[in-house]
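Structural characterization, general
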Amino acid sequence: ARRWTGHLVSVSDATDIFKPYFIVGAPTDLNLQSAYQEALAILKKSPVEIEIFAESDVDTLVARIEAEIAAHD
């Protein structure tokens, strides 16, 4: 999360319009839940607009991308 936020900081003044999408998977080990929540909080501090999708919601992201592609045809 820190690495990606750093990448986003470095391109935050880009003139091109872009929106990163992150697909994240929650840990199965409950001992890692706090680290997972911390990572999400770090990503949400991004200087550019991002969207975060849970692994279980990947179909929603795919449908959105398909709709955007169809709208540009």
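Residues numbered from 1 in each chain as written. Predicted model: local features only at pLDDT ≥ 70, side-chain atom pairs only at ≥ 80, totals over all residues. Heavy atoms only, no water.

**Brief notes about the pairing of strand β2 (residues 51–54)**
The condition is simple: Whether a residue is buried, partly exposed or exposed follows from its accessible area with a 1.4 Å probe, protein chains only, as a fraction of its type maximum: under 20%, in between, or over 50%, in that order. Numbering goes from the N terminus for both helices and strands, where a helix is a DSSP run of H or I of at least four residues and a strand is a run of E of at least two. When the strands point away from the viewer and the path from the first strand over the helix to the second turns clockwise, the crossover is right-handed.
Across the two faces of β2 the burial differs, with Glu51 and Phe53 buried and Ile52 and Ala54 not buried at all. Since strand β1 (residues 21–24) and β2 lie parallel, the crossover through helix α2 (residues 33–44) that links them has a hand, and here it is right-handed.

**Overview of the side chain of Thr5**
With respect to the helices, strands and loops of the structure, Thr5 is situated in helix α1 (residues 2–10). With relative accessibility at 12%, the residue Thr5 sits in the buried group.

**Points about the pattern of salt bridges**
Rules: A pairing counts as a salt bridge when a side-chain nitrogen of Lys or Arg comes within 4 Å of a carboxyl oxygen of Asp or Glu.
Taken as a whole, this structure holds 4 salt bridges when the rule is applied. With a shortest N-O distance of 2.7 Å, Glu51 and Lys19 are connected by a salt bridge. Of this pair, Glu51 sits in strand β2 while Lys19 sits in the loop between α1 and β1, and the two are 32 residues apart along the sequence. The closest approach of N and O atoms between Arg64 and Glu51, which form a salt bridge, is 2.5 Å. Of this pair, Arg64 sits in helix α3 (residues 58–71) while Glu51 is found in strand β2, placing the two residues 13 residues apart along the sequence. Its relative accessible area of 19% is what places Glu51 among the buried residues. Via salt bridges that share partners, Lys19, Glu49, Glu51 and Arg64 belong to a single interconnected network.

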